[in-house]
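Here's the letter readout for the chains.
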Amino acid sequence: MGLMKRTGLLNQGYSLYMDNYYSSPTLLDNLSAANTLAVGTVRGNRKEVPKALTAKLQRGEVVYRQRETLLAMKWTDKRDVCLLSSKHLPTLTATQKRDHEGNII
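These numbers come from a predicted model, not from an experiment.

Trainee: How should the nonpolar core be read in this particular structure?
Mentor: Generally speaking, a soluble globular protein has its nonpolar side chains buried in company with each other. Among the nonpolar cores identified, the biggest contains 15 residues, and Met18, Leu28, Leu31 and Leu84 are the most heavily contacted of them. Mapped onto this core, the elements with two or more residues apiece are helix H2 (25-33), strand S4 (70-76) and strand S5 (80-85). The element that contributes the greatest number of residues to this core is H2, accounting for three residues. Discounting chain neighbours no more than four positions away, the residues touching Leu84 are Ser23, Ser24, Pro25, Leu28, Ala38, Val39, Gly40, Val42, Leu70, Leu71 and Ala72.

Set out below in structure tokens:
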């Protein structure tokens, strides 16, 4: 919050992206209150992160929790990824793998 205040970027409608060292539900709530959206990976065992994000998932599975403007989600591909976002909605979009020529694999 201090860095965003000093640079004058709060209340400007920007989106902030961060890694798991900085992101927390409290920080995203504070940024959202200051008209700044945020997205960041988060450690699943971090304080205030929903317990649902500690569940073991199979490859391709997704679990999420949402309250007000904060979305917490976890998905598994090759490994687990936990994410916090005040910018996104919990929707899934089907994608397809393509080779370098654009053919569906």
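Trainee: Can you help me understand the sheet that holds S5 in this one?
Mentor: Strand pairing in a sheet takes place through backbone hydrogen bonds and is either antiparallel or parallel in direction. Spatial strand order, S1-S2-S5-S4-S3: five strands in an open sheet with mixed pairing. Lying at the two open borders of the sheet, with one neighbouring strand each, are strand S1 (15-18) and strand S3 (62-67). Neighbour-to-neighbour, the strand axes of the sheet open up by a mean angle of 10 degrees, direction not taken into account. Of the strand pairs in this sheet, S4 and S5 are connected by six bridges, and their pairing is antiparallel. When the bridges of S5 are listed, Leu71 appears paired with Ser85. Along the sheet face, H2 touches S1, strand S2 (37-41), S3, S4 and S5 and points at about 165 degrees away from the line of S1.

Trainee: Explain the pattern of salt bridges to me, please; I cannot follow it from the model alone.
Mentor: A side chain of one charge can pair with a side chain of the opposite charge if their charged atoms are brought near each other. Here the structure, examined in full by the defined rule, presents three salt bridges. The salt bridge partner of Asp29 is Arg67, with a shortest N-O separation of 2.9 Å. Separated by 38 residues along the polypeptide, Asp29 in helix H2 and Arg67 in strand S3 bring together distant segments of the chain. Here Arg59 ties to Asp77 by a salt bridge, and the two come within 3.2 Å at their closest N and O atoms. Within this pair, whereas Arg59 is found in the loop between S2 and S3, its partner Asp77 is found in the loop between S4 and S5, the two being separated by 18 residues in sequence.

Trainee: When you look at the pairing of S5 in this model, what are you seeing that I'm missing?
Mentor: Across a regular strand the side chains alternate sides, sitting on one face of the sheet and then on the other. Note that S2 and S5 share three bridges and pair antiparallel. Looking at the pairing, Gly40 lines up with Leu84 of S5. Hairpin connection between S4 and S5: a loop of three residues separates the two successive antiparallel strands.

Trainee: Would you take a moment to explain the side chain of Ser86 for this structure?
Mentor: Relative to the helices and strands, Ser86 resides in the segment after S5. Among the residues examined, Ser86 registers a relative accessible area of 10% and is labelled buried. Polar side-chain contacts of Ser86 include one of 2.8 Å to the backbone nitrogen of Ala38. Dropping the residues within four chain positions of it, Ser86 is found in contact with Leu28, Ser32, Thr36, Leu37, Ala38 and Thr69.

Trainee: Help me understand the environment of Arg65, please; the structure alone is not making it clear to me.
Mentor: Topologically, Arg65 is positioned in strand S3. As a C-alpha pair, Arg65 and Ser15 span 50 residues in sequence and 21 Å in three-dimensional space. Apart from the residues lying within four places of it in its own chain, the contact partners of Arg65 are Pro50, Ala52, Leu70, Leu71 and Ala72.

Cut-offs applied
- Residues numbered from 1 in each chain as written.
- Predicted model: local features only at pLDDT ≥ 70, side-chain atom pairs only at ≥ 80, totals over all residues.
- Heavy atoms only, no water.
- Core = buried A, V, L, I, M, F, W, Y, C linked by side-chain atoms within 4.5 Å.
- Buried < 20%, exposed > 50% of the residue type's maximum accessible area, 1.4 Å probe, protein only.
- Helix = DSSP H or I, 4+ residues; strand = E, 2+ residues; numbered from the N terminus.
- Contact = heavy atoms within 4.5 Å.
- Pairing = 2+ DSSP bridges.
- Axes fitted to C-alpha atoms, helices over the stretch in contact; angles between N-to-C directions.
- Salt bridge = Lys/Arg side-chain N within 4 Å of Asp/Glu carboxyl O.
- Polar contact = N/O pair within 3.5 Å; in protein donor to acceptor, adjacent residues only side chain to side chain.

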